[in-house]
Every structure is written in structure tokens, then in C-alpha cells.
Amino acid sequence: MLDCAIIGGGPAGLTAGLYATRGGLKNVTLFEMGMPGGQITQSSEIENYPGFFEHGKTGMDFMDTWQEQCFHFGLKHVMKKVERVAKTGEHFTVTFENGTSVEAMTVIVCTGSTPKRTGIKGENELWGKGVSTCATCDGFFYKGKSVAVLGGGDTALEEAHYLSNICAEVNLIHRRDEFRASPSTVERVQRTKNINIITDTIIEEIEGDMMGVTGVKLKNVKTNEVSSLEVPGVFIFAGHNVNNSVLKDESGEFICKMNDWGQVVVNLSMKTSVEGLFSAGDMRIEAPKQVVVAAGDGSTAALQVIAYIQEQS
Ligand code: FAD
Ligand code: NAP
């Protein structure tokens, strides 16, 4: 029986493992379907993690030392995809894709979320080279410049507003003339002078060269008029898929409380609605989707796991 099973080896899971093992738990295993590191390993540069400020270092470089540090205190890593987590009596059963399973006293689920891609020509090729899904992460790279933002939901409009404080001009491109975002957010964006709202318009292609994005080709879906914008950065906010499938039982029902968007409901201690089950990082409610926050969540969850196990014994 494991003291704790951690699912997902991004910043949240790795940090949870570090705190759990350094805090005295002997039998802690991190189940990660790939190499540990998480989605930040896709980043070409990270500048907003306090204490790490090395120009030109990629997300992969950044996560390298995390692994070394997090495994130093006894955390084990098993490269397996988890299928589901179930509470069986007082304990949990973690079942893997290949049908095998392990028992654990506690579980911390940190499987993150995945930004949706649109399939626009050039999006995949220029991903991380000017195409971004994170204004907080990458907005600063376009300080004083003009950028394009795609989407009409709350995230797109809130992020466009955030970018308007940094960039000279924000071109908000939406395929319809109505926004999904809440009316107050739409009004705030409409009032912002340097946000140029372009509706009924799709991005047909994101153009670029060896150095990254150079611009976008646009098409008005009502008039068929085509145009282009010269921008070095394109922010795509087409929604997120929360990687929450491990929390579904065999009938497809979630085993703990989730919100309408499929994010795990946790309290400030990262406790879910099920005793002994914790969640941390990008998959939880109101996650700011930042490495520093995911790491903080992971440490909080691990400290709670230690307290929970002490209470049980
Ligand atoms: P993730 O990093 O998403 O890790 C989840 C892990 O769970 C993954 O490794 C995945 O393989 C694993 N997993 C999923 N399902 C299963 C399963 N069923 N079984 C086993 N394993 C599973 N943040 C910043 O603070 N600054 C930045 O500059 C920045 N730049 C970014 C640039 C890019 C291109 C991207 C994509 C993100 C960026 N972010 C940045 C956001 C940051 O990466 C995330 O907030 C952070 O990684 C979230 O950590 P997490 O541990 O919650 O989840
Ligand atoms: P979302 O509401 O699903 O919006 C995604 C947007 O991207 C939509 O406007 C959609 O256009 C557009 N889009 C999707 N695929 C596209 C494609 N292939 N090409 C062009 N455009 C495309 O996602 P979200 O904004 O991330 O929000 C997710 C949920 O979180 C929502 O329920 C939202 O209310 C909530 N949220 C709330 C807050 C808040 O309350 N402060 C903040 C952020 C998010 P269409 O509109 O035409 O479909």
C-alpha cells in the first residue's frame, strides 16, 4: 500500500512528491505517462518564475533540475498512464491503462489541462514560436508591440484586456459578432482604447519564418474580404480540455465534486469532496495556470496528505 499516489508529473505533481518525501512519507510514487516536466517543457522561454531568470533557457532546461531535486528524497517515478482512481473502503485503487492497479492511502491528482488547438494553418508549426495560449507567460515578450488574440470567450477577452496593458495594440479576432464572454467583460474590452475588435472574422493562416510569427491572414466570413495583419505574436484562446478522465468511474460519473467546466472543486488546502483525495495545479477551480501556482498547490496538497496520514494512524 502506497502512502500517496501522485498522478501527473508536471510542476504540481513533482512539487507534491518533493514535499511528501522530504516531509517523511516513505512510500510515495509519481505516475506520469511521459517524462516528468509537464506542459512547461513546451515553452521556449520562461521569465516569471522567481529565482529563475536566465535569458534563453527553455522550459525543458527549467524543469531539468526540478526532476533531480524532486527525486532526491525518495520519490519514485513509474511511467504509466492512469486510467482511473476509485475509493474502495478507506483506501484508493489507482488503475492503469494496461489493467494493473495499486492501492494507496491518499491520492493527489495533478493531470493538468490542455489548451485546445484550432487547426489553423501554421498554428502547429509556430506553436511556442509566437503562437501562445498564455498572456501572463508570454505577453511581456510583445511589450510595446501589436498582437493578435483569437477567441470570444471569457478567457480571450480577459487576456486581451491583460495584454492591452503591455502591448501597443491588441487585435481581438472573433469568428462571430456575439461574444460568449460575460457582458461586463465585453463592455470593459469595448471601452479599452488599444483593443481593436474584429468580429465575423477567422484567421485563415498564421504566417512566419525561421524567427517565428510574422503575421496573420484574415477573412471576413460575411463579406469574404481578405486582409492581413503584421504581428509578431498570436494568442489562441479556444478553450481548454481539463485532463479529468482519471476522476471518472466506470459509468462516466465523476467521483468527486467538479464545476461546470470540468475543473476539480478544491478548498484552499487542495482537498476535494472525497476524504484523502487531493488535486493541484491547472486542473483545479480558479487555477491561474502558472508554474509558480501549480508548485504551490502541490506543496499544499502534500502537507495536507502528511497531516491526513498522521490523523489516520
Ligand atoms: P501540467 O504541467 O499540465 O502536467 C500534467 C502532467 O500530467 C503532464 O505531464 C501529463 O503528461 C500528465 N498526465 C495527464 N494525464 C495523465 C494520466 N492519465 N496518467 C499519467 N499522467 C498524466 N507558466 C508560467 O508560469 N510561466 C510561463 O512562462 C509559462 N509558459 C508556458 C508556455 C507554454 C507553451 C505552455 C503550454 C504553458 C506555459 N505555462 C507557463 C503554464 C504552465 O506550464 C502550467 O501552468 C503548468 O505546467 C501546470 O502544471 P500542472 O502540474 O498543473 O500540469
Ligand atoms: P470558451 O468559452 O469555450 O470560448 C472559446 C472561444 O474560442 C469561443 O469564443 C469560440 O468561438 C472560440 N473558438 C473555439 N474554437 C475555435 C476555432 N477553431 N476557431 C476560431 N475560434 C474558435 O472558452 P474559455 O473562454 O476558455 O472559457 C471556458 C469556460 O471558463 C467558460 O465557461 C467561461 O465562462 C469560463 N471562464 C470564466 C471566467 C470568469 O468567470 N472570470 C474566466 C475565464 C473562463 P464561438 O464563440 O464562436 O464558439
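The sections below set out a description of the structure shown in this document. Position labels on residues start from 1 in each chain and follow its written sequence. Labels follow written order: the first chain is A, the first ligand is 1, and so on. Per-residue local features of the predicted model are confined to residues with pLDDT of at least 70, and side-chain atom pairs are confined, for both listing and counting, to 80 or more; whole-chain, interface and lining totals are unaffected and use all residues. Only heavy atoms go into the side-chain values, all of them from the structure, while hydrogens and water stay out.

So, on to the sheet that holds strand β15 (residues 233–236). Overall, parallel pairing links the five strands, which are arranged β8-β15-β9-β10-β11 in an open sheet. Each edge of the open sheet carries a strand with a single partner, namely β8 (131–132) and β11 (195–198). Paired strands, in this sense, are two strands between which DSSP finds at least two bridges. In this description a helix means any DSSP run of H or I spanning at least four residues, a strand means any run of E spanning at least two, and both kinds are numbered starting from the N terminus. The sheet contact formed by strand β10 (residues 169–173) and β11 spans four bridges and is parallel. Paired with asparagine 171 across the strands is asparagine 196, a residue of β11. Against the sheet, helix α4 (residues 154–164) makes contact with β9 (146–150), β10, β11 and β15, and its axis sits at roughly 165° relative to β10, the strand it touches most. In this analysis, two residues are considered to be in contact whenever any of their non-hydrogen atoms come within 4.5 Å of each other. Between N-to-C directions, angles cover 0 to 180 degrees, with each direction set by a line fitted to C-alpha atoms, over the stretch in contact for helices.

Glancing now at the packing of aromatic side chains. For Phe, Tyr and Trp, where Trp contributes only its six-membered ring, two rings pair if their centres lie within 6.5 Å, and the inter-plane angle classes them as stacked under 30 degrees, edge-to-face over 60, or tilted in between. Inspection of the entire model under this criterion finds seven aromatic pairs. Here the aromatic rings of phenylalanine 31 and phenylalanine 96 are separated by 4.9 Å at their centres, their planes lie at 50°, and the arrangement is tilted. Note that phenylalanine 31 is positioned in strand β2 (residues 28–31) and phenylalanine 96 in strand β5 (residues 91–96), a separation of 65 residues in sequence. Side by side, phenylalanine 31 and phenylalanine 96 carry an identical accessibility label, which is buried. Partly exposed describes any residue whose relative accessible area lies between the buried limit of under 20% and the exposed limit of over 50%, with all areas from a 1.4 Å probe on protein chains only and scaled to the type maximum.

Its place among the elements puts glutamine 290 in the loop between β17 (277–279) and α6 (291–312). Residue glutamine 290 is classed as buried on the basis of its relative accessible area of 12%. Engagement of the side chain of glutamine 290 in a polar contact is seen with the side chain of asparagine 48, the distance being 2.9 Å. Discounting chain neighbours no more than four positions away, the residues touching glutamine 290 are Asn48, Cys134, Thr136, Cys137 and Asp282. Counting of polar contacts relies on pairs of N or O atoms within 3.5 Å, with two restrictions inside protein: one atom must be capable of donating a hydrogen and the other of accepting it, and residues adjacent in sequence are counted only when both atoms are side-chain atoms.

Residues enter a patch when their relative accessible area is above 30% and they make no salt bridge; the linking distance is 9 Å between like charges and 5 Å between nonpolar side chains (Val, Leu, Ile, Met, Phe, Trp, Tyr). Under the convention used here, a 1.4 Å probe and the Shrake-Rupley method define accessible areas, while residue burial counts only the protein chains that appear. A carboxyl oxygen of Asp or Glu within 4 Å of a side-chain nitrogen of Lys or Arg is what we treat as a salt bridge. For the purpose of charge, His is not counted, nor are the chain termini; Lys and Arg are scored as positive and Asp and Glu as negative. Taken as the charge centre is NZ of Lys, CZ of Arg, CG of Asp or CD of Glu, depending on the residue. Where like charges cluster on the molecular surface, the positive patch consists of Lys116, Arg175, Arg176 and Arg180. Tracing the chain through its elements places arginine 176 in the loop between β10 and α5 (183–191). Look at arginine 176 and you get partly exposed, because its relative accessible area is 33%.

Near is defined per residue: the residue qualifies when any heavy atom it owns lies within 4 Å of the molecule or strand. Around ligand 2 lies a shell of 16 residues, among which Asp154, Thr155, Glu158, Arg180 and Trp261 are the nearest. Within the side chain of threonine 155, an N or O atom sits 2.7 Å from an oxygen atom of ligand 2. In this structure, an oxygen atom belonging to ligand 2 sits 2.7 Å away from a side-chain N or O atom of arginine 180. Protein contact buries 70% of the 910 Å² of open area that ligand 2 shows by itself. Among the elements that make up the shell around ligand 2, the one with the highest residue count is α4 (three residues). In this classification, Asp, Glu, Lys and Arg are treated as charged, Ala, Val, Leu, Ile, Met, Phe, Trp, Tyr, Cys and Pro as nonpolar, and every other residue, Gly included, as polar. Classifying every residue of the shell around ligand 2 by side-chain character gives four nonpolar, seven polar and five charged.

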